[in-house]
Amino acid sequence: MAITIIIGAQWGDEGKGKIVDYLSKDVDIVARFQGGNNAGHTVVYEDKELVLHLIPCGILHKDIACVIGSGVVINPKVLIEEIENLQALGVNIENRVFVSEIANIIMPYHTCLDRINEQIRGKGKIGTTGKGIGPAYMDMVARVGIRAIDLLEEEIFVKKLKKNLEEKKFFLKQYNGWGEFDFSKIKEGYLEYGQKLRKYLLNTVVYLDEAIRKQKKILFEGAQGTLLDVCYGTFPYVTSSNTIAGGACTGIGIGPTVINKVVGITKAYTTRVGGGPFPTEFSEEMNSNIRTKGKEFGATTGRPRRCGWLDMVALKYAKQVNGFRNIVVTKLDILSGLKDIKICIGYKYEQEVLKNFPHSLKVLRECEPIYETFPGWQEDISGISDYKDLPFNAKKYLLWIEKMLEVKVDLISIGPKRNQIVRKD
Ligand code: GDP
Ligand code: IMO
Ligand code: MG
């Protein structure tokens, strides 16, 4: 399909990076549309694990252009480091990385505010990645944010920076956070970042419009996941952007009429990192088993991920808000060796059985998952290349997901490497 949006159907870390890298072989452009370096997308490149935070995961295919859209909040230091890191690995970046000149910039006070806000929240903290994502989006919406293009226009930048520092000082002084900021140091540092990034900045709206008119194949790479969407996720335990498919249109500046396909990525189980409700979360022992086996530690922060069974109520909701008809199931290999596998098919709350994902945090916290149990499989499946060679019970699990969710499973991922993937049909 010419224009496809890839989104996480759960709470992030579904394996989007691996799948985007795999699918990139058939496209011309890969574009990120939201989030920032809170994202950690892992790809295995020449047998080495590589985590990308800002640059789209198509970068490892040499003829593909990579776009960072206006909906992404950019920490320029991180972006420059990521570019240099890729160059050191021998990846050619020149004339293939394009950054929207109107993307908002993460400033040092954003990371400081992120940290302080979390401290103030105390026990109710969100468990953010601490990268300044929320405060940077707050400034965008408040119309005071500094945008990439401002880094090239000293007079405008200085004016905006002064105004911002003045505003932030008001808040930060109360929390002893003010001492960290020196106007001249930030000014010099960020103007220098601007010069380093100058050649990558572009009017990406025009670039993508032309690409679409030339019928180029484009993949939009979502970050985070549906249940972390600022509006539709488990608010307030969410990130600060629209992670759902609709976010691709606003975050990149394209109309919905050009989208041909939306694909949801889901693990064969569920994980979540940070605070917030998680109805199907495993008990302590099982959590620890799957975390170890699945190497479930955050790619950005290294924090242990919380693990649980696959949740059909949540996935059905993800289908509703994203409109996907196709999914990719990742990490099926991690379920090998279990005697039984469970899937949540409803939530019991008080005397009611809920089949739709509730918006109330109280209900989500207090509901009890209703499970259907499947017999597991014992074989190691990580070397399989043909769908028909998967164990009978693994196929049964996948077919059941397809039927229950009324979607088509396009691909099944059975290991972190690019070739550890099985096409279903
Ligand atoms: P993303 O944020 O959605 O790109 O996912 P992450 O990179 O944060 O986390 C997914 C992790 O699972 C990474 O360590 C991947 O290398 C790994 N991974 C992806 N697909 C598979 C799979 O099918 N099997 C196994 N065992 N690991 C996988
Ligand atoms: P990828 O793209 C998993 C979570 C954080 C926290 C909440 C808010 O790799 O799937 P933020 O720093 O965004 O304000 O944190 O969102 N979070 C993620 N969880 N994967 C991610 O990205 C995430 N990005 C943010 O843990 O709960
Ligand atoms: Mg991740």
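Residues numbered from 1 in each chain as written. Chains lettered and ligands numbered in written order. Predicted model: local features only at pLDDT ≥ 70, side-chain atom pairs only at ≥ 80, totals over all residues. Heavy atoms only, no water.

Looking at the metal site, the magnesium ion (ligand 3) is ligated by D13 (OD) and G40 (O), spaced 2.1 to 2.2 Å from it. Remark: G40 occurs in the loop between β2 (29-32) and β3 (41-45) and D13 occurs in the loop between β1 (3-8) and α1 (16-23); sequence separation between them is 27 residues. The two residues D13 and G40 agree in class, both being buried. (Donors = N, O, S within 2.8 Å, 3.2 Å for Na, K, Ca; no water. Helix = DSSP H or I, 4+ residues; strand = E, 2+ residues; numbered from the N terminus. Buried < 20%, exposed > 50% of the residue type's maximum accessible area, 1.4 Å probe, protein only.)

Our next topic: the side chain of S241. Looking at the element boundaries, S241 is found in the loop between β8 (218-221) and α8 (246-252). S241 has contacts with Q34, G35, Y137, Q224, L228, D229 and V230, leaving out every residue within four places of it along the chain. (Contact = heavy atoms within 4.5 Å.)

Okay, the packing of aromatic side chains next. Inspection of the entire model under this criterion finds twelve aromatic pairs. Here the aromatic rings of F171 and Y175 are separated by 5.3 Å at their centres, their planes lie at 45°, and the arrangement is tilted. Judged by its relative accessible area of 28%, F171 falls in the partly exposed class. Among the residues examined, Y175 registers a relative accessible area of 37% and is labelled partly exposed. On the numbers, 5.7 Å between centres and 50° between planes, the contact of W178 with F181 is tilted. For the pair W178 and F181, one class covers both residues: buried. Feature note: the residues F374, W377, Y397 and W400 constitute an aromatic cluster, connected by ring pairs. (Phe/Tyr/Trp six-rings, centres within 6.5 Å; stacked < 30°, edge-to-face > 60°.)

So, on to the site of ligand 2. Inspection of the region around ligand 2 gives 20 residues, with K16, H41, T129, Q224 and T239 positioned closest. Within the contact set of ligand 2, an oxygen atom lies 3.3 Å away from a backbone nitrogen or oxygen of G127. In this structure, V273 approaches ligand 2 through a main-chain N or O atom, which is 3.0 Å from an oxygen atom. In isolation ligand 2 exposes 540 Å². Once the protein is present, 98% of that is buried. The class makeup of the residues in the shell around ligand 2 is seven nonpolar, ten polar and three charged. (Near = heavy atom within 4 Å. Polar contact = N/O pair within 3.5 Å; in protein donor to acceptor, adjacent residues only side chain to side chain. Areas by Shrake-Rupley, 256 points an atom, 1.4 Å probe, with all protein chains shown as cover. Nonpolar A, V, L, I, M, F, W, Y, C, P; charged D, E, K, R; others polar.)

Let us now look at the site of ligand 1. The environment of ligand 1 is made up of 18 residues, and the closest members are K16, G17, T42, D333 and S413. G40 has a polar backbone atom sitting 2.9 Å from an oxygen atom of ligand 1. At 2.5 Å from an oxygen atom of ligand 1 is found a side-chain nitrogen or oxygen belonging to S413. Taken by itself ligand 1 offers 580 Å² of open surface, and the protein chains cover 93% of this. Of all the secondary-structure elements, those providing two or more residues to the shell around ligand 1 are α1 and β3. Ranked by the residues each element gives to the shell around ligand 1, the list is headed by α1, at three residues.

Segmentation of the chain into domains returns domain 1 (3-101 + 199-262), domain 2 (108-197) and domain 3 (266-423). If you look at the interface, domain 1 gives 36 residues, while domain 3 gives 42 residues. Taken over both partners, the interface formed by domain 1 and domain 3 buries close to 3,100 Å², and the fraction arising from carbon and sulfur atoms is 58%. Looking at the side of domain 1 facing domain 3, the largest losses of area belong to Q10, W11 and K18, adding up to 22% of the total buried there. The interface formed by domain 1 and domain 3 contains four salt bridges. Residues K261 and D410 are paired through a salt bridge, measuring 3.0 Å at the closest nitrogen-oxygen approach. Where domain 1 touches domain 3, the interface holds 22 residue pairs in polar contact (both at pLDDT 80 or more). Those elements that provide at least two residues to the side of domain 1 that touches domain 3 are α1, β3 and β9 (261-267). (Domains from an automatic or database assignment. Buried area = accessible area lost by both parts, 1.4 Å probe. Salt bridge = Lys/Arg side-chain N within 4 Å of Asp/Glu carboxyl O.)

On to helix α5 (residues 154-172), then. The end-to-end C-alpha separation of α5 is 25 Å, in line with the 27 Å expected for 19 residues at 1.5 Å each. Among the residues of α5, F157, V158, L161, N164, L165, K168 and L172 are the ones counted as buried. Looking straight down α5, one finds its buried side chains confined to an arc of 140°; they lie on one side. In α5, the exposed positions that point more than 90 degrees away from the buried face belong to E155, K159, E166 and F170. Buried-residue contacts for α5 involve α3 (108-121), α4 (133-141) and α6 (183-197). (Expected span 1.5 Å × (residues − 1). Arc of directions from axis to C-beta.)

Turning our attention to the pattern of salt bridges. Taken as a whole and judged by the stated rule, the model has 28 salt bridges. Residue K16 is joined to E14 by a salt bridge in which the shortest nitrogen-to-oxygen separation is 2.9 Å. In terms of burial, K16 and E14 fall into one category: buried. Linking E81 and K77 is a salt bridge whose minimum nitrogen-to-oxygen distance equals 3.3 Å.

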